[in-house]
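Survey of secondary and tertiary structure
Spelled out, the chains give:
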Amino acid sequence: MKKIAVIGSGFSGLSAAACLAKEGFDVTVFEKNQTPGGRARSFEAQGFTFDMGPSWYWMPDVFEKYFQLFGKSPSDYFALKRLDPSYRIYYGANDLVDIPAGVEALCKLFDELEPGSSQHLLRFLEEGEYKYNIGINELVYKPGLSVTELMDIELAKGLFKLHVFQSISQYIRKFFKSERIIKLLEFPVLFLGATPEKTPALYSLMNYADMALGTWYPMGGMYKIVEGMTSVAEEQGVKFRYNSPVQSLEMNGVRAKGLLVNNSVEYFDYIVASADYHHVEQQLIPEKYRKYKQTYWDKRVLAPSSLLFYVGLNKKLKGLLHHTLFFDEDFSLHAKEIYEDPKWPTSPQFYVSCPSQTDPSVAPAGYENLLILIPVAPGLEDEEMIREKYFNLVIDRFEKITGEQIRQHIVYKRTYAHNDFIADYNAYKGNAYGLANTLMQTANLKPSIINKKINNLFYTGQLTVPGPGVPPSIISGQVAARELVKRYRNL
Ligand SMILES: Cc1cc2nc3c(=O)[nH]c(=O)nc-3n(C[C@H](O)[C@H](O)[C@H](O)COP(=O)(O)OP(=O)(O)OC[C@H]3O[C@@H](n4cnc5c(N)ncnc54)[C@H](O)[C@@H]3O)c2cc1C
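We now turn to the structure provided with this report. (Residues numbered from 1 in each chain as written. Predicted model: local features only at pLDDT ≥ 70, side-chain atom pairs only at ≥ 80, totals over all residues. Heavy atoms only, no water.)

Moving on to the side chain of His 323. By secondary structure assignment, the location of His 323 is in strand β15 (residues 323-326). For His 323, the side chain forms a polar contact with the side chain of Tyr 351, separated by 2.7 Å. (Helix = DSSP H or I, 4+ residues; strand = E, 2+ residues; numbered from the N terminus. Polar contact = N/O pair within 3.5 Å; in protein donor to acceptor, adjacent residues only side chain to side chain.)

Let us look at helix α9 (residues 223-235). Since the α-helix packs 3.6 residues into each turn, any two residues three or four apart lie on the same face. The end-to-end C-alpha distance of α9, which contains 13 residues, comes to 18 Å, matching closely the 18 Å that a straight helix rising 1.5 Å per residue would cover. Taken residue by residue, α9 has Tyr 223, Ile 225, Val 226, Gly 228, Met 229, Thr 230, Val 232 and Ala 233 as its buried positions. Where α9 ends, the next residue or the one after it, Gly 237, has phi of about 100 degrees, a positive value. (Expected span 1.5 Å × (residues − 1). Buried < 20%, exposed > 50% of the residue type's maximum accessible area, 1.4 Å probe, protein only.)

Moving on: the pairing of strand β7 (residues 95-99). Bridge analysis of strand β6 (residues 87-92) against β7 gives five bridges, and the strand direction is antiparallel. Residue pairing across strands places Gly 92 opposite Asp 95, the latter belonging to β7. (Pairing = 2+ DSSP bridges.)

Let us look at the pattern of salt bridges. On inspection of all chains with the given rule, the structure shows 21 salt bridges. The partner of Arg 397 in a salt bridge is Asp 328, with the nearest N and O atoms 2.8 Å apart. Of this pair, Arg 397 sits in helix α13 (residues 384-402) while Asp 328 sits in the loop between β15 and α12 (331-339), and the two are 69 residues apart along the sequence. (Salt bridge = Lys/Arg side-chain N within 4 Å of Asp/Glu carboxyl O.)

As a further point, take the packing of helix α1 (residues 11-22) against α9. Direction vectors running N to C along α1 and α9 enclose 25 degrees, while the axes themselves pass 9 Å from each other. In terms of orientation, α1 and α9 fall into the roughly parallel class. For the pair α1 and α9, the sense of crossing is left-handed. Here α1 contributes Phe 11, Leu 14, Ser 15 and Ala 18 to the contact with α9, which in turn contributes Ile 225, Val 226, Met 229, Thr 230, Val 232 and Ala 233. The residue inventory of the contact of α1 with α9, partitioned by class, reads eight nonpolar, two polar and no charged. (Axes fitted to C-alpha atoms, helices over the stretch in contact; angles between N-to-C directions. Parallel < 35°, antiparallel > 145°, perpendicular 65-115°, else oblique. Left-handed = near helix turned anticlockwise from the far one by under 90°. Contact = heavy atoms within 4.5 Å. Nonpolar A, V, L, I, M, F, W, Y, C, P; charged D, E, K, R; others polar.)

Here we take up the sheet that holds β6. Two modes of strand pairing occur in sheets, parallel and antiparallel, and in both the strands are linked by backbone hydrogen bonds. Spatial strand order, β7-β6-β15-β16-β17-β14-β18: seven strands in an open sheet with mixed pairing. What marks the edges here is a single partner per strand, and that holds for β7 and β18 (410-416). Averaged over all neighbouring strand pairs, the angle between strand axes comes to 20 degrees, with direction disregarded. Of the pairings in the sheet, the one linking strand β14 (residues 305-313) to strand β17 (residues 368-376) comprises nine bridges and is antiparallel in character.

What follows covers the packing of helix α3 (residues 103-113) against helix α4 (residues 117-135). Running from N to C, α3 and α4 point in directions that differ by 135 degrees, and their axes come no closer than 7 Å. Considering the angle they form, α3 stands oblique to α4. Regarding α3 and α4, the two cross each other, and that crossing is right-handed. Taken together, the residues of α4 that come into contact with α3 (itself represented by Val 103, Leu 106, Cys 107, Phe 110 and Asp 111) are Ser 117, Ser 118, Leu 121, Leu 122 and Leu 125. Tallied by class, the residues present in the contact of α3 with α4 amount to seven nonpolar, two polar and one charged.

Next up on the list: a nonpolar patch on the surface. A surface patch of nonpolar side chains, about 420 Å² in accessible area, is lined by Leu 159, Phe 160 and Phe 165. Looking at where Leu 159 falls in the secondary structure, it is placed in the loop between α5 (153-158) and α6 (168-175). (Patch = residues over 30% accessible without salt bridge, like charges linked within 9 Å, V, L, I, M, F, W, Y side chains within 5 Å. Areas by Shrake-Rupley, 256 points an atom, 1.4 Å probe, with all protein chains shown as cover.)

Moving on, we come to the nonpolar core. Counting 105 residues, the largest nonpolar core has Ile 4, Leu 20, Val 27, Met 59, Phe 110 and Phe 176 as the members making the most contacts within it. Tallying contributions element by element places α1 first for this core, with eight residues. (Core = buried A, V, L, I, M, F, W, Y, C linked by side-chain atoms within 4.5 Å.)

As a matter of local geometry, the ligand sits amid 39 residues, with Ser 12, Glu 31, Arg 39, Gln 462 and Val 470 nearest to it. The separation between an oxygen atom of the ligand and a polar side-chain atom of Gln 462 is 2.6 Å. The separation between an oxygen atom of the ligand and a polar main-chain atom of Val 470 is 2.8 Å. Here the residues of the shell around the ligand sort into 18 nonpolar, 17 polar and four charged. (Near = heavy atom within 4 Å.)

Now for the packing of aromatic side chains. One pass over the structure, following the stated rule, counts 47 aromatic pairs. What links up through ring pairs into an aromatic cluster is the set Phe 43, Phe 48, Phe 50, Tyr 310, Tyr 367, Tyr 412, Tyr 416, Phe 421 and Tyr 425. The ring of Tyr 296 carries the charged tip of Arg 300 above its face, separated from the ring centre by 3.9 Å. (Phe/Tyr/Trp six-rings, centres within 6.5 Å; stacked < 30°, edge-to-face > 60°. Lys NZ or Arg CZ within 6 Å of the ring centre and 35° of its normal.)

In summary, the side chains of a regular strand alternate between the two faces of the sheet. Where burial is concerned, the two faces of strand β16 (residues 350-353) agree: the one with Phe 350 and Val 352 and the one with Tyr 351 and Ser 353 are both buried. Across four bridges, β15 lies against β16 in antiparallel orientation. From the neighbouring strand, Thr 324 faces β16, where its bridge partner is Val 352.

This brings us to a positive patch on the surface. Side chains of Lys 291, Lys 293, Lys 452 and Lys 453 sit close together on the surface and give a patch of like positive charge. Summarising the element assignment, Lys 452 is placed in the loop between β19 (450-451) and β20 (454-459). (Lys, Arg positive; Asp, Glu negative; His and termini not counted. Charge placed at Lys NZ, Arg CZ, Asp CG, Glu CD.)

Here we come to the sheet that holds β19. Read from one edge of the open sheet, six strands run β9-β2-β1-β13-β20-β19, paired in mixed fashion. At either end of the open sheet lies a strand with only one pairing partner, and these are β9 (239-241) and β19. The sheet contact formed by strand β1 (residues 3-7) and strand β13 (residues 270-273) spans four bridges and is parallel. Bridge assignment links Val 6 to a residue of β13, and that residue is Val 272. Against the sheet, helix α10 (residues 277-284) touches β1, β13, β19 and β20, its axis set at about 145 degrees to β20.

This part is about unusual backbone geometry. Following Asp 84, the chain continues into Pro 85 via a peptide bond in cis, with omega recorded as 0 degrees. Its identity is not glycine, yet Asn 262 carries a phi of approximately 45 degrees, on the positive side. Relative to the elements of secondary structure, Asn 262 occurs in the loop between β11 (255-261) and β12 (264-267). On the basis of relative accessible area, Asn 262 is assigned to the partly exposed category, the value being 47%.

Any functional reading would require information beyond the geometric quantities listed.
Shown next, in the form of structure tokens:
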């Protein structure tokens, strides 16, 4: 039985490990932290259970397909609930729109916001569905190793319909004039880590995912997905070693013979690196074996980092839903301060997740559990004083906009930003979501899953194909596992 080491237990590592164990390999996962899940870990404090990272469960079909690989279903591990309304957007004080679940209700809303626009919405979603079917069912499963992968007949036929070469910003404006609709449709692009002007219109597939496939929630919290995937991996025979940061790859010619972990060398036939690509390359691999130089990384466009506040309140709130977006400030300045002229934002937009609106198990009775997220540029100087300034700013805006007093009801608070992403995950510049999905960083143009200088090493995770987000990371693990198996069988 060939032995494989997987570095890291985020979604991509869990997925790669389980897929490889299913193929009959002897798989061990080495994780630097105490628990699995990476950026999607959770913690408990004073009766609250906080999901630390992802809060949006989109593309349920991707999860379904993943669990089916092992003869399972997500429902074997957690109960999913579709949120309706899906989310709320505040455009200003007491000025809000709730986004309903279901296309019929959405058409009604669109006609209210821009008379006659429901017809455009239907066409927009139809094109989004086409892109979703090609993009999520085919493109994202390609390893990104050769342009011939993109020469597939169906793909080539549909290339023009994928709108790869126009921006999503232009594309949305062809259909709609209402500023509110435009803001609402540009929002999912935030997940992709680039401005709407720099994001290919291919990604209107995200609008299809949002509006047609829906926003879901695993009861008990997003960490239930991690628990489910860890169980699947264990059922396949994967072994987990926590508190085990990998210190380096040990080389033997063009092969990695093993890993240095806790100051002792462990021997393996293959390595799958799911920790941040930059960290693996720049810190774990001897210089002459690295695929990319630091200058390559300096030129990459990173997706934003996040300033996060985990907050417990000793009261229930009426002014917000499970997901609430505060779009009361202009995003163009905020976007400029993330992407073009990186600095702490002047007046940021922000997002609040309040899972206790749906799920009583994540907060004590009568209390609320909040995650407040401000997208910020990676690589900023991160100090407690700055975090505190933004905490006060968002609490003031939250109170003004929702009309709810919360400051004196805060019973728990923890902040999290760049320095924590670096300390916890070895994240390059403290990034939260890896690389931005710009045209020049899509598919084959992303950092590669293989390194010709080390022929038994495979990379996976949100910095390689297909990109950031929970569903793409789960797919990334499958892609790396499949490539490893293919090469192993050809040897
Ligand atoms: C705040 C935030 C909000 C998000 N919101 C959403 C959302 O709502 N919906 C969505 O779909 N996506 C969301 N995402 C993105 C999503 O969470 C990530 O894309 C995904 O979790 C990345 O998985 P990964 O396996 O690539 O990386 P990671 O989760 O970072 O896993 C890598 C693992 O490697 C470990 N590691 C690092 N170095 C070493 C080492 N030397 N040795 C051993 N182990 C090591 C790390 O500890 C970590 O566990 C969000 C992310 C963040 C941070």
